Amino acid sequence: MPASVLIVEDEESASRLIATICSELGLRTQVTRSGVQAKDLLAQAAHANQPFSAVVLDLVLAELDGFQVGQFARGQPWGTHLPLIVVSGIYKQPNAELMARLKPHAYFAKPFDISHVRDALVKACNVQGVATAVEGDLAHKPAAALFVELVRQKASSLLTLTQDTTVRLIHFEKGQVRFAQSSVKGELAGAAQVASGAVKQASFDRAVAFAKQNKVALHEALAYSRVLTPEQLKTALKQQTVEASVNGLLWTKGTFRVDPRSAEQLAAVPEARTSPVALVLEAAKRSTADGAARAWLEARAQQQMSRSPELERELFAVKTAWPAEGVTSLATNQRLLREALSRVKPPELPLLLWLCQSGLVALSDGAKAASPSARAAAPSPVDEDAGRTFTPDEDWSRRVIFAERDRLRDANHYEVLGIEMGAAPQEIKAAYVAAAKRFHSDAFAGRELGSARRAAEELFAKVSEANAVLANPSSRADYDVYLDRKSKGLPTDVGAILRAEGIFQKGETLFKSGKFEEAESVFREAIALNHAEAEFHAYLGMCIYRGRGKAQEALELVGKALEMDPRLRSATVFAAQLHEAMGDVEKAKNLLRKAIAKDLEFDAAKGELSRMKRAPAEQKKGFLDRLLKK
C-alpha cells in the first residue's frame, strides 16, 4: 500500500500544491484545514495500525495552531519519530523552541520552493527510485568538484551556489552547462555591453526596471525593449553564463544544492551551452596559488596521480587555455604528486591545484598525508642515479630515452608521431603504434633504467596524447587552427581574445565620443591582450592623431594595420585622412580609388573621395590645418 501523508493546511492553494506533489510521488493524502480534526485523524490512523508516513503542518491555523498539533503528536508513542514537515507564511525562520520541541524533519517558509518540499517528502516517506537534491558546504566540496561530478554523471540538474545574500544558479543539461544566472548585477546579460559603452546605462536600467515590474527575466526584458539586438543578446547570455559560473567556481566558502531537472524545466531557460571543463580551466587562470593552495597539495604529496577520462577528452582545451603547460604530462602512470610539485612551473601551480581539487586529475584513495620530511623536493634525475651502475645495454637505453625526451620537449603532436600535418588517418595510426611500442614499458622489461624509466613513461604519455587529438577529426581540426595561429605569432588564448574584443569595443565608443586620451589607453590594453588584430592598431593610430596631432606616428600604426590586413576598411579610410592631413591629397585620393576598385561596396571610401573632390581649395591647406582651426 502506498505511503500516506496528512496535509494540515488552511490555505487552499498551498494545500492543493502539496497534494499535487504527493500525487506525483505516488503518495496518498488526506487534507484538513482544522488542527482539532488533524489530531483526531492522526489518532485514528495510529489505532487502525495504518499511521501516516509524514505530516505537512502549517503553523498558523484557525483553531488549535500547528504548534499544538505537533506537540500532541510528539507526546504519543506513535508520534515520537513521525516526520513533521512544517510550513509557515508568518515565521520566515524557525525559533529555537519550535526546533527543540517539534524536531521537524524540514521547515519551509512560504512561498516555498516546490523542489525542496518534494525532496523532503521523498526522504520522509522513503520513496524509492526518485532522485533528490544533494546539499553541502563548499568548504568541504569545491564547486569545481561538483562541476566534474555532474559532467561524469551526464546530469540534468540545477546547481545552486549561495554565499550570504549572493546566489548563482548553474543549469546543467546532460553534463554540459546550459545557462547560468546570478544575483550580482555586474554579471547579468548586458552588463558587459554597458561597461564597454555599447549600451547606454539608462537603457539598461530601464530594462532592469521593466523586468522587475513585469516579473520577467532580464534577458527577456532586454530583447523586448530592444536594448540589445538578437546577436548582441546571444553574446550577452554567453558572457553571463561564463561570468556567473567562473565566479561561482572561485568561491571557497558558501553552500551548494543540486536539484534534478527535467527536460521541460530546462527548456524554459535560454541556451548558452558551455563546457564545464573549460569553465574550470578559466577559473584556474583567474585564481592564484597562495600558501594555502600549496599546503593543500603538499599535504597530498604522497598520493598518486592519474588523468581522468574527462580530462583526456579535454586535453586540447587545456593546451588552448594554458599554452605549453607541463602539468598534464606529469599527471600520468600513477606518478606521485610530490614529483609534480617539484617540477611544475610556479605560474602553472593553480592549474595543478584545480585539476586535483576538481577530480580531473584523480588522486589515489587511502594515501596518508605526507610528513614534513617526505614533502621535501623530489631529487633530480642526476641525484637519483648518482652512484648507481648500469649495464652497457641499460646505459644505451637511458641515453636514447633522455635524448628523445629533450628532442620532443617542445614538439607538437605531429612531430611527436613523426608525421606531416597532412598525414592520412591510417598514417597516424601506424605512427602511433610504432611510437607506442618504442616507449612502452614492455620495451624495457628486465632493464634497470633509474630515472630514465619515468622519462620513458612521459614519452609514452606524450605519444598517447598526440594520437588522442589527431585520431579525432574534430579535435585535429581545432589543433591545426591552434598550430596555424601559433606559427603566425597570433594569440591562442581564446579567453584573452574575447576580453580584448570587449575592451576594444569600449575604446571604440570613447573614440566616437571624442575622448581620445582615454580611448588611446584602452586600445593599448586591447593590443596587449591580442596584438594580432589589425583594427586595434588602426584605431590606436587614428586616436593618437586626433588626440595629440601626431600624424606621422599615427600613419605608421595605420600602415602596420594595412600590412596585417590590406582589405581593412577602417584602416584604408584612416590612411587617406592622414595623407590628406599631411598635405598629400593626391596620394589620399589614389589610395581611396584603388580601394573602391577592389571593393565596389566600400561606401565609406566613396564618401571620403567625394568630399575631397568637392573642396579642393580647403584640401590644399591640409586636413590638419583645418582641424586645428576648429
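Within every chain, residues take consecutive numbers counted from 1 along the sequence as written. Two thresholds apply to this predicted model, a pLDDT of at least 70 for residue-level local features and 80 or more for giving and counting side-chain atom pairs, whereas whole-chain, interface and lining totals are computed over all residues. Processing note: side-chain calculations cover all non-hydrogen atoms of the structure and skip hydrogens and water entirely.

**Q** What is the right way to look at the overall build of the chain in this model?
**A** Note on conventions: DSSP H or I runs of at least 4 residues are helices, E runs of at least 2 residues are strands, and numbering of each starts at the N terminus. Of the regular secondary structure elements, the chain holds 32 helices and 13 strands. We compute the radius of gyration from the C-alpha atoms alone; for a globule the expected value is 2.2 Å times N to the 0.38, where N is the number of residues. The C-alpha atoms of the chain give 33 Å as radius of gyration, which overshoots the globular expectation for 630 residues (25 Å, by more than 25%). Summarising its shape, the C-alpha atoms of the chain cover approximately 105 × 85 × 45 Å along the three principal directions. Only protein chains enter the accessibility calculation, which uses a 1.4 Å probe. A residue is then buried if its area is under 20% of the maximum for its type, exposed if over 50%, and partly exposed in between. Across the 630 residues of the chain, 46% fall into the buried class.

**Q** Is there a simple way to think about the packing of aromatic side chains in this case?
**A** Classification of ring pairs uses Phe, Tyr and Trp, with its six-membered ring standing for Trp, and accepts pairs whose centres are within 6.5 Å; under 30 degrees between planes counts as stacked, over 60 as edge-to-face, and the remaining range as tilted. Applying the stated criterion across every chain yields a total of eleven aromatic pairs. Here the aromatic rings of Phe 511 and Phe 574 are separated by 6.2 Å at their centres, their planes lie at 55 degrees, and the arrangement is tilted. Taken together, the residues Phe 511 in helix H24 (residues 494-512) and Phe 574 in helix H28 (residues 569-581) connect sequence positions 63 residues apart. Taken as a pair, Phe 511 and Phe 574 share a single burial class, namely buried. Chaining the aromatic ring pairs together yields one cluster made of Phe 504, Phe 511, Phe 516, Phe 523, Phe 536, Tyr 539 and Phe 574. Throughout this description, the term charge over a ring refers to an Arg CZ or Lys NZ atom that lies within 6 Å of the ring centre and within 35 degrees of the ring normal. Lys 39 extends its terminal NZ or CZ atom over the ring of Phe 72, reaching a point 4.9 Å from the ring centre. Here the guanidinium or amino end of Arg 398 rests over the ring plane of Phe 390, the centre of that ring lying 4.2 Å away.

**Q** Would you mind going over the packing of helix H29 (residues 585-598) against helix H30 (residues 603-614) with me for this structure?
**A** The contact between H29 and H30 brings their axes to 9 Å, and the two run at 145 degrees. Seen along the crossing, H29 lies across H30 with a hand that is left-handed. From H29, Ala 588, Lys 589, Leu 592, Arg 593 and Ile 596 reach across to H30, where they touch Ala 605, Lys 606, Glu 608, Leu 609, Met 612 and Lys 613. We call Asp, Glu, Lys and Arg charged. Ala, Val, Leu, Ile, Met, Phe, Trp, Tyr, Cys and Pro are nonpolar, and the rest, Gly among them, are polar. Here the contact of H29 with H30 is built from residues that sort into six nonpolar, no polar and five charged. A fitted line through C-alpha atoms serves as each axis, taken over the contacting stretch for helices, and the angle formed by two N-to-C directions is quoted from 0 to 180°. Crossings are assigned a handedness: left-handed for a near helix turned anticlockwise from the far helix by less than a right angle, right-handed for a clockwise turn. Contact between two residues is taken to exist if any of their heavy atoms lie within 4.5 Å; hydrogens are not considered.

**Q** Help me understand the nonpolar core, please; the structure alone is not making it clear to me.
**A** Within soluble globular proteins, side chains that are nonpolar tend to cluster in buried spots. Buried residues of nine kinds, namely Ala, Val, Leu, Ile, Met, Phe, Trp, Tyr and Cys, make up a nonpolar core once their side-chain atoms join them within 4.5 Å. Formed by 51 residues in total, the largest nonpolar core has its most connected members in Phe 147, Leu 159, Leu 249 and Leu 352. With seven residues, helix H17 (residues 349-358) is the single largest residue contributor to this core. The residues touching Phe 147, leaving out its near neighbours within four places in the chain, are Leu 159, Ile 170, Phe 172, Val 177, Ser 245, Leu 249, Pro 276, Leu 279 and Val 280.

**Q** For this particular structure, what's the right way to read the sheet that holds strand S1 (residues 4-8)?
**A** Think of a sheet as strands paired side by side through backbone hydrogen bonds, with each pair either parallel or antiparallel. Strand pairing is assigned whenever DSSP identifies at least 2 bridges connecting the two strands. An order of S2-S1-S3-S4-S5 is seen for the five strands of this open sheet, with the pairing classed as parallel. Both edges of this open sheet fall to strand S2 (28-32) and strand S5 (106-109), since each of them pairs with a single strand only. Within this sheet the neighbouring strands show an average axis-to-axis angle of 15 degrees, counted without direction. Here S1 pairs with S2 via five bridges, running parallel. Paired with Ser 4 across the bridge in S2 is Arg 28. Across the sheet, helix H1 (residues 12-24) is in contact with S1, S2 and strand S3 (54-58); its angle to S1 comes to roughly 170 degrees.

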